[in-house]
Amino acid sequence: MRFAHVFPLVLVLVMMLSGISCAPDYNLGFFEGETNVGDSPLGGSARYDATSDTYTVTGSGTDIYGTADEFYYVWSLVTGDLSLSADVEFADTTGHRYRKAGWMVRADLEADAPYVDVLVHADGLIALQYRSRKGGETEEVLAAVRVPATIRLERTANLFTAYVDRPGERTRVIASVTMELPEMAYAGLVVCAHDASVQETVYFTHVQMEQWGTFDERTVESTLEIIDSQTGDRQIVRQALEHFEAPNWSPDSLYLVYNSGGLLYKIAVEGGRPQQINTDFATRCNNDHGFSPDGTELVISHSPDGGSSTIYILPAEGGTPRQVTEHSPSYWHGWSPDGATLVYCARRDGEYDVYAISVTGGEETRLTVAPGLDDGPEYSPDGETIFFNSVRTGQMKVWRMDPDGANQLQVTPDDEYGDWFPHPSPDGQWIVFLSYDRNVEGHPPNRNVVLRMMPMDGSAPPHVVAQLFGGQGTINVPSWSPDSRHFAFVSYRLVGTS
């Protein structure tokens, strides 16, 4: 279903009958038309030089932002999934620092149309921008790196993902947003001067437009990422057409562990080929797994004989697991810093609560008794606090309590989010957690979610560090790097297969 630069004549006829500008200029390369969007009086122009394989686009306009836009657009009508990439260079160094150029997918050619773009600014800033409804406000996510770089925007169904590619470096992800744009939409190069009284010229090289078409069936693509918690720089470790989940960062900083198809795998932080970890009979491992504080052991949650999840411990390098919990279902989430105790979510008598148990097994201790789900328990690095998520107030939020279950207090504020799986940083400074829209029930997969952080002492409110498509499997278990600077997670896309 993949094809590039193919634009049926019927689309051009539809545009002409609809009164849409369609330039009969055959110097536009593989683009079909050019339009001065908005009320910019100076307009613009475009031409393609086949010798240098360069698109030169001149445009004016006040901005691509707010509730309406002014810019020059070189476009084609496209249908379905696609990938757009280019290098962007401004012709001179003068002009407004926020003049911008890049790729845009747009519902129509009206000034207030919904759109998604990835743009390079003259000062080197790279951003994903989007307007989700006609006449609505523009939102944006800034990339953590600047030019020189190749920008890339991909559409899979109504999920748009922006990437930054730099020579010799791992691909960066800016963000993913879901937009209800028409299946047939405009895609093309844009230039905005950020000043309606002048024109700016931009050179686009290595321009590629791949159209993958529409699909009746889709499969999960998983992307294992690491993110700098302070800058938001997201780098891809592994991307594959398979389903994997819940990375742990090894205590020696060298590799990540994740689960896929009931098995555990390790992969170097720099990427490469994953290696299966020997878990012997435990071949139904779910996404609740992690390292002991000293890094010598792994804890797993495995469902023996297709039954309910049960907690086991095995050597970190692999081996035969030994059973810890007698009762099930039990889903591991935290290991005490002294290595003596595990905490986990378990269903007993129809209620999901937080429990604790010795690493040697034996009798379990119930730590929460409030009606509704209590889940995701994890120790602070000093062992003095257990963080967990609870729906006891009617909205899923992060809570804290003493190791014996006393002094249970809500941590995250009542806002538009439902918060899951709090992970304290090893230095005791931060908590990172997964947030859904507050109206989402449970922690389902394949949703628009954000990862948020806040100081562990509650001295500041949460802030968003990543915007993605994910949910279940994204960050269920501890995934901080030992130096507390980075953490790992998994994002997802549903890509076409036929």
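Going by the structure above, here's the rest.
Given the structure is predicted, the values throughout are model-derived calculations rather than measurements.

*Asks:* Where do I start with the environment of Ala185 in this structure?
*Replies:* Mapping Ala185 onto the fold places it in strand β16 (residues 184-192). Its relative accessible area of 0% is what places Ala185 among the buried residues. Put simply, Ala185 and Glu225 are 40 residues apart on the chain and 30 Å apart in space, counted from C-alpha to C-alpha. When neighbours within four sequence positions are excluded, Ala185 is seen to be in contact with Ser76, Leu77, Val78, Val105, Arg106 and Arg155.

*Asks:* Before we go on, may I ask you to explain the environment of Phe433 in this structure?
*Replies:* Within the secondary structure, Phe433 sits in strand β37 (residues 430-437). A relative accessible area of 0% places Phe433 in the buried class. Taking the C-alpha atoms as reference, Phe433 lies 6.2 Å from His423; in sequence the two are 10 residues apart. Excluding anything up to four places from it in sequence, Phe433 contacts Val398, Thr412, Asp419, Trp420, Phe421, Pro422, Val450, Leu451, Arg452, Met454 and Pro462.

*Asks:* What should I look at first to understand the sheet that holds strand β28 (residues 330-335) in this one?
*Replies:* Working definition: the strands of a sheet are paired by backbone hydrogen bonds and lie parallel or antiparallel to each other. Strand order in the open sheet made by the four strands is β28-β29-β30-β31, with antiparallel pairing throughout. At either end of the open sheet lies a strand with only one pairing partner, and these are β28 and β31 (365-366). Note that strand β29 (residues 341-348) and strand β30 (residues 351-358) share eight bridges and pair antiparallel. Across the sheet, Leu342 pairs through a bridge with Ile357, a residue of β30.

*Asks:* Even after reading the chapter, I still don't get the packing of aromatic side chains, so can you show me in this structure?
*Replies:* Between two aromatic rings, the relevant description is the distance of the centres plus the angle of the planes. Evaluation of the coordinates by the stated rule reveals 15 aromatic pairs. Ring plane angle 45 degrees and centroid distance 6.0 Å describe the contact between Phe31 and Trp103, whose orientation is recorded as tilted. Of the two residues, Phe31 sits in the loop between α1 (9-17) and β2 (33-37) while Trp103 sits in strand β9 (residues 100-106), which places them 72 residues apart along the sequence. The burial state of Phe31 is the same as that of Trp103; both residues are buried.

*Asks:* Even after reading the chapter, I still don't get the nonpolar core, so can you show me in this structure?
*Replies:* By size, the foremost hydrophobic cluster in this structure holds 46 residues, and its most contacted members are Phe31, Trp103, Val116, Ile126, Leu153, Ile174 and Phe204. Among the elements that line this core, the one with the most residues is strand β8 (residues 81-90), at five residues. Those residues in contact with Val116 that sit more than four places away from it in its chain are Trp103, Met104, Val105, Leu128, Gln129, Tyr130, Leu153, Phe160, Val177, Met179 and Leu181. Among the nonpolar cores identified, the runner-up in size contains 17 residues, and Met396, Val432, Val449 and Met453 belong to it.

*Asks:* What is the right way to read the pattern of salt bridges from this model?
*Replies:* When their charged atoms lie close together, side chains carrying opposite charge are able to pair. Enumeration over the complete set of coordinates arrives at 26 salt bridges. Among the salt bridges present, the one from Arg131 reaches Asp69, with a minimum N-O distance of 2.7 Å. Residue Arg131 is located in strand β11 (residues 126-131), and its partner Asp69 is located in strand β6 (residues 68-69); the two are separated by 62 residues in the primary sequence. In this pair, the class of Arg131 matches that of Asp69, namely buried. For Asp92, the salt bridge identified is with Arg99, shortest N-O distance 3.7 Å. Judged by its relative accessible area of 36%, Asp92 is partly exposed. Through salt bridges with shared partners, a single ionic network connects Arg152, Glu154, Asp165, Glu221 and Arg493.

*Asks:* Can you walk me through the sheet that holds strand β22 (residues 263-268) in this structure?
*Replies:* Ordered by their spatial adjacency, four strands build an open sheet running β20-β21-β22-β23, and the pairing between neighbours is antiparallel. What marks the edges here is a single partner per strand, and that holds for β20 (245-249) and β23 (275-277). Each strand axis lies, on average, 30 degrees off the axis of its neighbour in the sheet, ignoring direction. Two elements, β20 and strand β21 (residues 255-260), share three bridges in a ladder whose sense is antiparallel. Considered in β21, the bridge of Asn248 is made with Val257.

*Asks:* When you look at the side chain of Gln395 in this model, what are you seeing that I'm missing?
*Replies:* Position of Gln395 relative to the elements: it lies in the loop between β33 (386-390) and β34 (397-401). Overall, the relative accessible area of 7% leaves Gln395 in the buried class. A polar contact of 2.8 Å, which involves the side chain of Gln395, links it to the backbone oxygen of Asp415. Here Gln395 is in contact with Ser390, Asp414, Asp415, Tyr417 and Arg438, once residues within four sequence places are set aside.

*Asks:* Where do I start with empty space enclosed by the protein in this structure?
*Replies:* The method is simple in principle: a probe with the dimensions of a water molecule rolls over the atoms, and the space it marks as empty is what remains. Scanning all chains against the criterion turns up one cavity of 30 Å³ or more. Considering only enclosed or pocket space, the largest cavity measures out at about 70 Å³ in volume. Taken together, 13 residues line the largest cavity, and the ones lying closest to its centre are Thr161, Tyr163, Thr223, Ser491 and Arg493. Looking at the lining of the largest cavity, the elements with two or more residues in it are β14 (159-165), β15 (172-178), β18 (218-228), β19 (234-240) and β40 (486-496).

*Asks:* Help me understand the pairing of strand β25 (residues 297-302) in this model?
*Replies:* The side chains of a regular strand alternate, first on one face of the sheet and then on the other. In terms of burial, β25 is largely enclosed, as five of its six residues are buried. Bridge count between strand β24 (residues 290-291) and β25: two bridges; the pairing is antiparallel. Residue pairing across strands places Phe291 opposite Leu298, the latter belonging to β25. Where β25 meets strand β26 (residues 310-315), six bridges bridge the pair, whose relative direction is antiparallel. Each bridged residue has a counterpart across the sheet, and for Glu297 the counterpart in β26 is Pro315.

Parameters and conventions
Residues numbered from 1 in each chain as written. Predicted model: local features only at pLDDT ≥ 70, side-chain atom pairs only at ≥ 80, totals over all residues. Heavy atoms only, no water. Helix = DSSP H or I, 4+ residues; strand = E, 2+ residues; numbered from the N terminus. Buried < 20%, exposed > 50% of the residue type's maximum accessible area, 1.4 Å probe, protein only. Contact = heavy atoms within 4.5 Å. Pairing = 2+ DSSP bridges. Phe/Tyr/Trp six-rings, centres within 6.5 Å; stacked < 30°, edge-to-face > 60°. Core = buried A, V, L, I, M, F, W, Y, C linked by side-chain atoms within 4.5 Å. Salt bridge = Lys/Arg side-chain N within 4 Å of Asp/Glu carboxyl O. Axes fitted to C-alpha atoms, helices over the stretch in contact; angles between N-to-C directions. Polar contact = N/O pair within 3.5 Å; in protein donor to acceptor, adjacent residues only side chain to side chain. 1 Å grid on protein atoms, 1.4 Å probe; cavity = no way out; pocket = protein on both sides within 12 Å on 5 of 7 lines; lining within 4 Å. Points joined across faces, edges and corners; volume = space filled by probe spheres on them.

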